[in-house]
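Residue-level structure breakdown
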Amino acid sequence: MPSNEVLEEVVRTENIDIDAALDPAEPDGVFRDSRECAALALQSGGTNLLLSPPTPRPKKG
Amino acid sequence: MSVEGVGEAALGWVWAHRDDFALGDDALAADGQVNRTWKPLGELTRVCASVSLCTPPAGPLHARARDLLDFAWQQTHRGELFGLMQSLEPFATYPLEIYAAFASAGFRSPGYEASAAVVARTRGWRLTEQYPTRRLGVLEAERHSGIRPHGSAAQALDRTWLGGLPEPWTFERAAGYALTHVVFHVTDWGLAPRGVPPGLADYLPHWLPPWLDTCLEARMWDLSCELLAVAASLPRPPEPAVLDDAWQRLATAQDSSGAVPEEGAAQDAAGADAGPDPYDFADCYHSTLMTVFAAALTAARQRDADHAGQHAGQHAGQGVPG
Amino acid sequence: MEQSSTSALLQGTVLDLASDVVSALRSGDHVRAGSTLTAGGAGEGVARAAVRVLGADALLPSVLLRVSPAPGQLAVFKDAVAAHPPRADAAPAVVWSHWAMARTLRRLEHPLTGPDAAEPAAEPGADWLDAAGWQTLTHQLAVLAPLALPGEECAVTRAARRRPVDVARGFVRAVRRRDWQQAAGAGRWLTLLDGVPDTLGLEAGLDFVRLMGGSDPRVVLQLEAARLMPAAVLL
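Only a predicted model underlies this, so the values are computations on that prediction, with no experimental measurement involved.

Let's talk about the overall build of chain B
Along chain B, the regular secondary structure elements total 15 helices and 0 strands. Based on the C-alpha atoms only, the size of chain B along its principal axes is roughly 55 × 45 × 40 Å. Counting the 322 residues in chain B, one finds 52% classified as buried. Pairs at least 24 residues apart make up 69% of the contacts formed inside chain B by residues separated by at least 6 positions.

Comments concerning the overall build of chain A
Counting its secondary structure elements, chain A contains 2 helices and 0 strands. Across the 61 residues of chain A, 15% fall into the buried class.

Comments concerning the environment of Pro146(C)
Position of Pro146(C) relative to the elements: it lies in the loop between helix H8 (134–143) and helix H9 (155–162). The contacts of Pro146(C), once residues within four sequence positions are left out, are Gly55(C), Ala56(C), Asp57(C), Ser97(C) and Ala100(C).

Considerations on the packing of helix H2 (residues 38–54) of chain B against helix H15 (residues 281–311) of chain B
Residue and element names in this part refer to chain B. Relative to each other, H2 and H15 sit at 15 degrees, their axes nearing to 9 Å. In terms of axis orientation, H2 runs roughly parallel to H15. Between H2 and H15 lies a crossing of left-handed hand. Every residue of H15 that contacts H2 at Pro40, Glu43, Leu44, Val47, Ser50, Val51 and Cys54 is listed here: Tyr285, His286, Leu289, Val292, Phe293, Ala296, Leu297 and Ala300. Partitioning the contact of H2 with H15 into residue classes produces 12 nonpolar, 2 polar and 1 charged.

A closer look at the interface of chain B and chain C
Between chain B and chain C, the residue contacts involve 12 residues of the former and 16 residues of the latter. Residue classes in the side of chain B that touches chain C are distributed as 8 nonpolar, 2 polar and 2 charged.

Things to note about the environment of Asp20(C)
Residues and elements named next belong to chain C. Mapped onto the secondary structure, Asp20 falls in helix H1 (residues 2–27). The class for Asp20 is buried, based on 25 C-beta atoms found within 10 Å. Considering only alpha carbons, one finds Asp20 and Pro86, 66 residues apart in sequence, at a separation of 26 Å.

Description of the confidence of the model for chain A
All names here are of chain A. Chain-level statistics for chain A give a pLDDT mean of 64 and a share of 36% at 70 or above. Every residue in residues 6–11 scores below 50 in pLDDT, and together they form 9 contacts with partners more than four places removed in sequence or on other chains. Here residues 44–54 is a poorly scored stretch, pLDDT under 50, and it has 18 contacts once near neighbours within four places are set aside; other chains count.

Here's the deal with the nonpolar core
If you look at the biggest cluster of nonpolar residues, it comprises 170 residues, and the most contacted ones within it are Val292(B), Phe293(B), Ala296(B), Ala50(C) and Phe171(C). If we ignore the near neighbours within four places in the chain, the residues touching Phe171(C) are Trp169(B), Thr138(C), Ala183(C), Ala186(C), Gly187(C), Leu190(C), Leu200(C) and Gly205(C).

What about unusual backbone geometry?
Here the phi dihedral of Leu165(B) falls at roughly 50 degrees; this positive angle occurs in a residue that is not glycine. By the secondary structure assignment, Leu165(B) is in the loop between helix H9 (153–158) and helix H10 (173–186).

Examining H10(B)
All names here are of chain B. Between its terminal C-alpha atoms H10 stretches 20 Å, which fits the 20 Å expected from 14 residues at 1.5 Å a residue. Where burial is concerned, most of H10 is hidden: 12 out of the 14 residues are buried. Within the sequence span of H10, burial applies to Arg173, Gly176, Tyr177, Ala178, Leu179, Thr180, His181, Val182, Val183, Phe184, His185 and Val186. At its buried positions, H10 is contacted by helix H8 (132–144), H9, helix H11 (198–217) and helix H12 (221–231). Looking at the residues trailing H10, positive phi occurs at Asp188, about 55 degrees.

Notes on helix H4 (residues 80–88) of chain B
What H4(B) keeps buried is the set Leu81(B), Phe82(B), Gly83(B), Met85(B) and Gln86(B). Contacts from the buried residues of H4(B) go to helix H5 (94–104) and helix H6 (110–120) of chain B.

Regarding the packing of H11(B) against helix H13 (residues 240–251) of chain B
All names here are of chain B. For the pair H11 and H13, interaxial distance at closest approach is 11 Å and the crossing angle is 15 degrees. What the angle tells us is that H11 and H13 run roughly parallel. In this structure, H11 meets H13 at a crossing whose hand is left-handed. Facing Pro209, Leu212 and Leu216 of H11, the residues of H13 in contact are Val242, Ala246, Arg249 and Leu250. Its residues assigned to classes, the contact of H11 with H13 comprises 6 nonpolar, no polar and 1 charged.

Considerations on the confidence of the model for chain B
Residues at a pLDDT of 70 or more form 97% of chain B, whose mean pLDDT is 94. Two summary scores accompany this predicted model of the complex, namely pTM at 0.90 and ipTM at 0.94.

Calculation criteria
- Residues numbered from 1 in each chain as written.
- Chains lettered and ligands numbered in written order.
- Predicted model: local features only at pLDDT ≥ 70, side-chain atom pairs only at ≥ 80, totals over all residues.
- Helix = DSSP H or I, 4+ residues; strand = E, 2+ residues; numbered from the N terminus.
- Buried ≥ 20, exposed ≤ 12 C-beta atoms within 10 Å, placed from the backbone.
- Contact = placed C-beta atoms within 7 Å.
- Axes fitted to C-alpha atoms, helices over the stretch in contact; angles between N-to-C directions.
- Parallel < 35°, antiparallel > 145°, perpendicular 65-115°, else oblique.
- Left-handed = near helix turned anticlockwise from the far one by under 90°.
- Nonpolar A, V, L, I, M, F, W, Y, C, P; charged D, E, K, R; others polar.
- pLDDT = per-residue confidence, 0-100.
- Core = buried A, V, L, I, M, F, W, Y, C linked by C-beta atoms within 7 Å.
- Expected span 1.5 Å × (residues − 1).

Structure, rendered in structure tokens:
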């Protein structure tokens with residue numbers, strides 16, 4: 001391609017933010033933890049023994 | 001603010017809120033909430049026991065930790081309530097685990113130890129179904145309480161998430177809490193870094209940095225503190241830059257009251273102008289205790305390093321931690 | 001509006017192009033890598049910009065599989081190098097990705113026509129990587145994943161080779177943050193580095209990234225590159 005045509009193209013695509021695509025910022029981290037379902041525990045929901053966290057650890061909710 | 005400054009402010013909050021750790025009438029009730037009565041008191045004891053043992057007597061944390069231990073022991077009627085709990089819930093492990101924290105700080109009840117030993121001799125006790133991490137804790141509790149451990153700690157360790165050297169990118173919250181407690185158990189709550197087996201001593205410094213970084217980004221302050229305590233419990237800690245960065249980020253979460261919220265959600269709920277005491281006890285007591293714990297251990301390791309530096313003929317000041 | 005629609009078009013073209021490269025890497029059929037460029041869907045300017053964004057990886061099948069690129073592909077690639085030189089104040093990653101493209105052209109023995117092209121372009125510095133913490137190091141290396149090639153020798157690869165544990169930590173962090181593109185790029189680097197702790201579990205980790213992030217062709221491109229890497233000998 002002759003260089004003057006290249007130049008035209010550059011002008012035409014000038015408003016494309018190439019640098020942002022070439023050195024992108026990190027996206028925000030996505031954090032979600034896998035859960036366990038109480039239905040798989042051997043005891044009824046009220047007791048919840050097998051799902052209780054190790055002591056001492058913080059109580060959620 | 002220095003690491004010890006963060007710890008001192010956190011311990012200040014604990015001291016100011018010590019009455020919230022007191023055992024109420026429901027501590028012995030069949031329908032009482034153990035997680036709201038014995039658990040906070042046990043955690044207060046656990047942290048203060050370690051802090052009192054790893055801080056110099058003249059330091060800012062030591063005397064207050066000892067006073068809080070006295071306070072907590074009074075709450076158990078100088079150990080009497082453990083015998084009572086034994087008669088009410090003979091096969092529960094939590095009274096022994098909490099008692100062991102007192103015992104490690106020199107508060108003991110020979111009568112309770114004798115009766116706990118009777119139960120611990122049963123096959124039923126030995127076969128209690130529990131998480132491997134918890135089993136390790138019970139074994140350590142037995143050891144600290146003058147009871148012959150009912151099994152092998154090495155075997156229990158092998159069954160834990162951490163003991164199996166998992167791929168570090170499989171880390172999530174539950175695995176994180178399991179692993180921190182494994183390290184707490186094998187190091188006697190940070191007091192014996194040499195208790196970390198060689199495989200883990202190599203593994204943990206490699207992978208603590210990304211775990212810490214992502215927990216801090218997710219504003220999981222409580223788990224971040226536990227990971228910092230783990231970092232300060234290793235024979236060879238991670239690089240200083242990693243720890244400095246983590247402590248700076250943690251310090252931004254500390255309220256002027258000294259409280260550190262458990263998670264970012266508590267901060268969002270409190271809002272920007274939340275007043276002098278923005279968090280519910282339940283939303284910050286554990287993370288604030290863990291801040292004290294991690295800060296005391298980190299400062300102790302700094303003193304060790306300074307001490308070693310002095311012995312190596314370097315001029316390391318007077319060993320005063322930064 | 002115009003800016004955002006142009007960006008969306010560019011982004012879509014980059015994804016199409018990445019899909020073509022993936023197909024070519026899988027089949028060994030380099031011609032397919034050119035289909036997006038020759039189909040006439042995107043305007044020439046956008047296609048050229050997309051090649052610039054995908055960088056040297058646009059010709060990865062030719063480099064890794066040792067087959068000559070189709071003439072049309074090579075022409076667009078050359079145009080992209082010529083049309084999008086880094087600005088004077090460009091970030092190091094931008095400068096390096098351009099350098100990597102020029103390097104690929106030289107490697108394929110089709111020197112760029114122009115006054116500077118006959119001489120190998122002066123290699124930029126990589127001080128910014130040495131000064132970076134492990135998080136930034138991994139992010140930047142993932143952006144510069146086209147430089148992760150067997151036998152590649154430049155300041156960026158040397159910086160990566162000095163810090164295998166840090167890149168492994170960055171991989172763990174990227175997976176934790178569900179940044180699959182960064183994880184895949186870091187994983188590609190890790191297949192080339194000595195001294196990565198065995199406990200990382202890289203092989204299972206790459207499978208996991210494919211499972212979780214495999215709907216993005218840019219992720220798959222890195223994983224395919226990582227898969228071919230140990231066997232590949234640089235052209």
